[in-house]
Protein chains: 2
Amino acid sequence: MSEYLLPLELMVEQLERLPGVGRKTATKYAFTLLSMTTEELENFTTAILDGKKKILNCRKCFNLCEGELCTVCGDAARSGEQICVVEDVRTLMAMERTRNYKGLYHVLGGVLSPIDGVGPEKLHIAELLSRVKEEETREVIIATNPTVEGETTAMYLTKLLHPLGVRVTRLAYGVPVGADLEYADEITLARALDGRREL
Amino acid sequence: MSEYLLPLELMVEQLERLPGVGRKTATKYAFTLLSMTTEELENFTTAILDGKKKILNCRKCFNLCEGELCTVCGDAARSGEQICVVEDVRTLMAMERTRNYKGLYHVLGGVLSPIDGVGPEKLHIAELLSRVKEEETREVIIATNPTVEGETTAMYLTKLLHPLGVRVTRLAYGVPVGADLEYADEITLARALDGRREL
């Protein structure tokens, strides 16, 4: 149904790419954008394009960063003895909000999911293994989401990590099963960190 | 709280300008945008900027259009005897979806609201009066929203339009089709009762 003018239709189509945004919401967004001045709108699009250009991945842990290393990897006060493995940067940010963890991270960039064609080679698993071998790592804390794929990935990593002689732990089930770590509250996340168990 | 990298913070700030979007949703949107390829992202921002550039206002009724006149004003099959006055283009679109109205429109661009500093001079009221004087208008249907401001605007327009010798009507108030009377608010029910029709 193309009841809209073509340029509006194209705006709506693009805005519908945002997660959870359907045609109605996209239309509401389009009208808000159209009501902005050209200058305001340019600030809007420039911020987005600049973000894409300037935000890179830490070459060590794949966290977001602006230079070579992220603020966590670049922080001498953080212990290199622990690496917390997360699915994505949003989980990393949630962990940081607990202010309870002083080690490093490793962002996998997803979880194993054969159905979606995500095998180990699509995740930053090889890089994790190299880090564990080369760095002073003593413990790898696996903080993948408590979902089927997250669990499978945790098991897979455990098998690869154990032979390297590091302690492998998993966040405790303080986080409700089936939920998304990104939205867990600080206290629950902190409890889960405290109660981590040997795998 | 600036826990984010500056470029991400700027993206989130801009995305928070979308209606009903808070920090969490804006962050979710930002990550989705960052996960797109540069080309996809350019399509996204180009569609928005192009929309702003190409979508103009009909010089007659202020509906959205690409040229001088909108598709409604340019349609010879539409009757010029009726003008339906709406607050904004989205209401116009809702009216068009009924496929029940064959007259023209006039988009006010808002409603009178002294608190927000919106007086008659900020709305397309003068243009409406000129149209009624110059065109073959016989009836003006006022379809502002059933809010305090919408009512005030309707009253104000009625006073200005009556001396011009046109019929001035207002959309009927009543219970929405499919609604449960049990949950209808008192004012709506009272209005529906007042406006009852012979069967």
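Going along each chain's sequence as written, the residues are numbered from 1 onward. Both sets of labels track the order of writing: A upward for chains, 1 upward for ligands. Two thresholds apply to this predicted model, a pLDDT of at least 70 for residue-level local features and 80 or more for giving and counting side-chain atom pairs, whereas whole-chain, interface and lining totals are computed over all residues. To obtain the side-chain values, all non-hydrogen atoms of the structure were used and water was disregarded.

> How should helix 3 (residues 38-54) of chain A be read in this particular structure?
Given 3.6 residues per helical turn, the α-helix brings residues three or four places apart onto the same face. In this text, helices come from DSSP runs of H or I with a minimum length of four residues, and strands from runs of E with a minimum of two, each type numbered from the N-terminal end. Under the convention used throughout, the expected extent of a helix is 1.5 Å for every residue step, that is, one less than its residue count. Here helix 3 of chain A is 17 residues long and its end C-alpha atoms lie 23 Å apart, about the 24 Å a rise of 1.5 Å per residue gives. Along helix 3 of chain A, the positions that sit buried rather than exposed are L41, F44, T45, A47, I48 and G51 of chain A. Buried residues of helix 3 of chain A, seen end-on, are gathered within an arc of 140° and therefore sit on one face of the element. Within helix 3 of chain A, the exposed residues directed more than 90 degrees away from the buried face are E39 and K53 of chain A. Contacts: residue pairs with any heavy atoms within 4.5 Å of one another. In this structure, the buried side of helix 3 of chain A is in contact with helix 2 (23-34) of chain A together with helix 1 (6-15), helix 2 (23-34) and helix 3 (38-54) of chain B. Throughout this description, buried means an accessible area under 20% of the type-specific maximum (1.4 Å probe, protein chains only), exposed means over 50%, and partly exposed covers the range between. The reported arc concerns the directions from the helix axis to the C-beta atoms and nothing else.

> In this structure, what is going on with the pattern of salt bridges? I would like to understand it.
Two side chains with opposite charge may pair up if their charged atoms get near one another. Residue and element names in this part refer to chain B. Note on definitions: salt bridges are taken to be side-chain nitrogens of Lys or Arg within 4 Å of carboxyl oxygens of Asp or Glu. On inspection of all chains with the given rule, the structure shows 21 salt bridges over all chains. Of the charged contacts, one joins R78 and E96 as a salt bridge, the two residues approaching to 2.9 Å between their closest N and O atoms. Of the two residues, R78 sits in the loop between strand 2 (64-65) and strand 3 (82-86) while E96 sits in helix 4 (residues 89-97), which places them 18 residues apart along the sequence. Its salt-bridge partner being R170, residue E151 comes within 3.0 Å of it at the nearest N-O pair. Of this pair, E151 sits in helix 6 (residues 148-161) while R170 sits in strand 6 (residues 167-170), and the two are 19 residues apart along the sequence.

> Please explain the domain arrangement of chain A as it appears in this structure.
Annotation comment: domain bounds sourced from an automatic or database domain assignment. Annotation of chain A at the domain level lists domain 1 (6-54) and domain 2 (57-198). If you average the C-alpha positions of domain 1 of chain A and of domain 2 of chain A, the two centres end up 33 Å apart.

> Just to check I follow, could you spell out the side chain of T45 of chain A for this structure?
Among the secondary structure elements, T45 of chain A is positioned in helix 3. For T45 of chain A, the contacting residues outside a window of four places in its chain are T45, I48 and L49 of chain B.

> Help me out: how do you make sense of the sheet that holds strand 6 (residues 167-170) of chain A in this one?
Within a sheet, each strand pairs with its neighbour through backbone hydrogen bonds, oriented either parallel or antiparallel. Residue and element names in this part refer to chain A. With mixed pairing, five strands are arranged side by side in an open sheet as 4-3-5-6-7. Two strands in the sheet have a free side with no partner beyond their single neighbour: strand 4 (104-107) and strand 7 (197-198). Think of it this way: DSSP has to see at least two bridges between two strands before they count as a pair. Bridging between strand 3 (residues 82-86) and strand 5 (residues 139-143) involves five bridges; their strand directions are parallel. Along strand 5, the bridge assignment pairs C84 with I141. Fitting a line to C-alpha atoms yields each axis, with helices limited to the stretch in contact; the angle taken between N-to-C directions then spans 0 to 180 degrees. Packing of helix 4 (residues 89-97) onto the sheet brings it into contact with strand 3, strand 4 and strand 5, and relative to strand 4 it is tilted by some 160°. Relative to the sheet, helix 5 (residues 125-134) contacts strand 3, strand 4 and strand 5, its axis offset from that of strand 4 by approximately 155°.

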